[in-house]
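Architecture and fold: a report
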Amino acid sequence: MNRQPWTYFAAQRWAARQLAASEVDPHAPQFLLEQRHGWDTTHLLLHNRDVMPAAEVEWFRTAVDQLLNHVPAQYIVGQTTFYGRQFKVTPAVLVPEAETAELVDWVLTSQPADHQLRVLDLGTGSGVIGITLALERPRWSVTLSDISSAALAVARENVRQHQLSLPLVESDLFANLAGQRYDLIVTNPPYIDPADTAVMDQAVLDHEPPIALFADEHGLGFYRRLFELAGNHLRPGGQLFGETGYDQEKSIQALLKQCDQQAQLAVCHDVAGKMRMIHAWDFSGTGGN
Ligand SMILES: C[S@@+](CC[C@H](N)C(=O)[O-])C[C@H]1O[C@@H](n2cnc3c(N)ncnc32)[C@H](O)[C@@H]1O
């Protein structure tokens, strides 16, 4: 280690050398420093010539070691930014992804802003989707649910941090939401085929909760149950929005037809022309729960 006191710039150069031969995102050290201080990129640049305090040097070196051991930067700092706001994250929840902000955008722009809607964020994880919707649309009444009590504890903390009061329900899909109906169900569910681990990021595989990632039936098991049950939990005119895998367009279309002949589907593609989100409506109720 250099005996000179480290500036923030020197620290980042050192980190870049440590990570050079790895697959770690080269922006991760910058993210660590920005999140630790609540700085944006401009602020970090303004501090580049400042000397990093000794305790922070220790922390930063340990954090870069953790990056090399595939720990996601967001877990190291215990927080992330989503839709311009800070959220707590722990290994009990998925690290929210940029694509999910697009799902939130799609929901927001597709609904009249002044309507009072009942909304369910199904598989809420850290709560980013539901909390963002509640903050962007204060007239909406949003419920957060998840099968994982550990995830719900993180979501509860984020609800408190954003000074909201939202119901949180521990539930395997709708099992503990019997009789509840919503105008919107929004979900970023587990949709990865367990056979696809070979092409997955090591940091995700080693540290993110498997229940947040994988679904049986080649990644479609959650969507099958959701498509079968959605009609019983949507109000008339109710709609479902969901994030999907990039290679699931045909299988999701076929699955929806199989589960609910009446339901309509619109898909949203990313810039590469791959389906990343669905919007479905006109579900028929089947009477199950
Ligand atoms: C891909 S993560 C999404 C988390 C968060 N909504 C986000 O976008 O960052 C999927 C979430 O669904 C939850 N989940 C998995 N199976 C579930 C089930 N059967 N019922 C309810 N939630 C479930 C997981 O615990 C996890 O928090």
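All of these numbers come straight from a predicted model, not from anything done at the bench.

1. A few points about the overall build of the chain
What the chain contains, in helices and strands, is 13 helices and 9 strands. The C-alpha atoms of the chain give 21 Å as radius of gyration, which agrees with the globular expectation for 289 residues (19 Å, within 12%). Principal axes of the C-alpha set define a box for the chain whose edges measure 70 × 40 × 35 Å. Here the chain holds 289 residues, and 37% of them are scored as buried. Sequence separation of 24 or more characterises 68% of the internal contacts of the chain that already satisfy a separation of 6 or more.

2. Structural notes on the confidence of the model for the chain
For the chain, the average pLDDT comes to 95, and 98% of its residues sit at 70 or higher. At the level of chain-chain contacts, confidence expressed as ipTM amounts to 0.99, with global pTM at 0.94.

3. Regarding the UniProt feature "domain: Methyltransferase small" (unreviewed entry) in the chain
Per the UniProt annotation, the sites labelled "domain: Methyltransferase small" (unreviewed entry) are residues 112-197. Between the end C-alpha atoms of residues 112-197 the distance is 40 Å, and the span holds 26% helix and 23% strand.

4. Concerning the sheet that holds strand β6 (residues 182-187)
Each strand in a sheet pairs with another by means of backbone hydrogen bonds, the pair being arranged parallel or else antiparallel. Read from one edge to the other, the open sheet built from 7 strands follows the order β5-β4-β3-β6-β7-β9-β8, with strand pairing classed as mixed. One side of each edge strand has no neighbouring strand; the edge strands of this open sheet are β5 (168-170) and β8 (264-269). For this sheet, the mean inter-axis angle between neighbouring strands, taken without regard to orientation, is 20°. Alignment of β8 against strand β9 (residues 275-281), held across 6 bridges, turns out to be antiparallel. By the bridge assignment for β9, C268 is matched with M277.

5. Focus: helix α4 (residues 54-68)
Compared with an ideal rise of 1.5 Å per residue, which puts 15 residues at 21 Å, α4 spans 21 Å between its outermost C-alpha atoms and is within 8% of the ideal. Each element contacted by the buried residues of α4 is listed here: α1 (8-19), α2 (28-37) and α5 (73-77). Remark: H70 follows α4 within two positions and exhibits a positive phi of approximately 70°.

6. A closer look at the environment of E249
Its place among the elements puts E249 in helix α13 (residues 249-259). Among all residues touching E249, those that are not within four sequence positions of it are V267 and M275.

7. Describing the packing of helix α12 (residues 221-233) against α13
Relative orientation of the contacting elements α12 and α13 amounts to 35°, with a least axis distance of 9 Å. With respect to the hand of their crossing, α12 and α13 are arranged in right-handed fashion. In contact with Y223, R224, F227 and E228 of α12, α13 contributes I252, L255, L256 and C259. Residues belonging to the contact of α12 with α13 are distributed by class as follows: 6 nonpolar, no polar and 2 charged.

8. Observations concerning the UniProt feature "binding site: substrate" (unreviewed entry) in the chain
Per the UniProt record, the feature "binding site: substrate" (unreviewed entry) sits at N188, P189, P190 and Y191. Turning to its location among the elements, P189 is positioned in the loop between β6 and α9 (202-207). For P189, a count of 18 C-beta atoms within 10 Å gives the class partly exposed. For P189, the contacting residues outside a window of four places in its chain are G123, A215, F222, Y223 and G242. Examined against the element boundaries, Y191 turns out to sit in the loop between β6 and α9.

9. Focus: the domain arrangement of the chain
By domain assignment, the chain separates into domain 1 (8-69) and domain 2 (90-281). Measuring from the centre of the C-alpha atoms in domain 1 to the corresponding centre in domain 2 gives 33 Å.

10. So, the nonpolar core
A general trend in soluble globular proteins is that nonpolar side chains are found buried together. Of all hydrophobic cores here, the largest spans 54 residues; its most connected members are V119, L133, I185 and A230. Ignoring sequence-local partners within four residues, the contact set of I185 consists of L120, L122, A230, H233, L234 and L240. Grouped together as the second largest cluster of nonpolar side chains are 16 residues, V24, A28, L33 and V64 included.

Criteria and cut-off values
- Residues numbered from 1 in each chain as written.
- Predicted model: local features only at pLDDT ≥ 70, side-chain atom pairs only at ≥ 80, totals over all residues.
- Helix = DSSP H or I, 4+ residues; strand = E, 2+ residues; numbered from the N terminus.
- Rg over C-alpha atoms; globule rule 2.2 N^0.38 Å.
- Buried ≥ 20, exposed ≤ 12 C-beta atoms within 10 Å, placed from the backbone.
- Contact = placed C-beta atoms within 7 Å.
- pLDDT = per-residue confidence, 0-100.
- UniProt positions renumbered as here; feature names shortened; annotations may be inferred.
- Pairing = 2+ DSSP bridges.
- Axes fitted to C-alpha atoms, helices over the stretch in contact; angles between N-to-C directions.
- Expected span 1.5 Å × (residues − 1).
- Left-handed = near helix turned anticlockwise from the far one by under 90°.
- Nonpolar A, V, L, I, M, F, W, Y, C, P; charged D, E, K, R; others polar.
- Domains from an automatic or database assignment.
- Core = buried A, V, L, I, M, F, W, Y, C linked by C-beta atoms within 7 Å.

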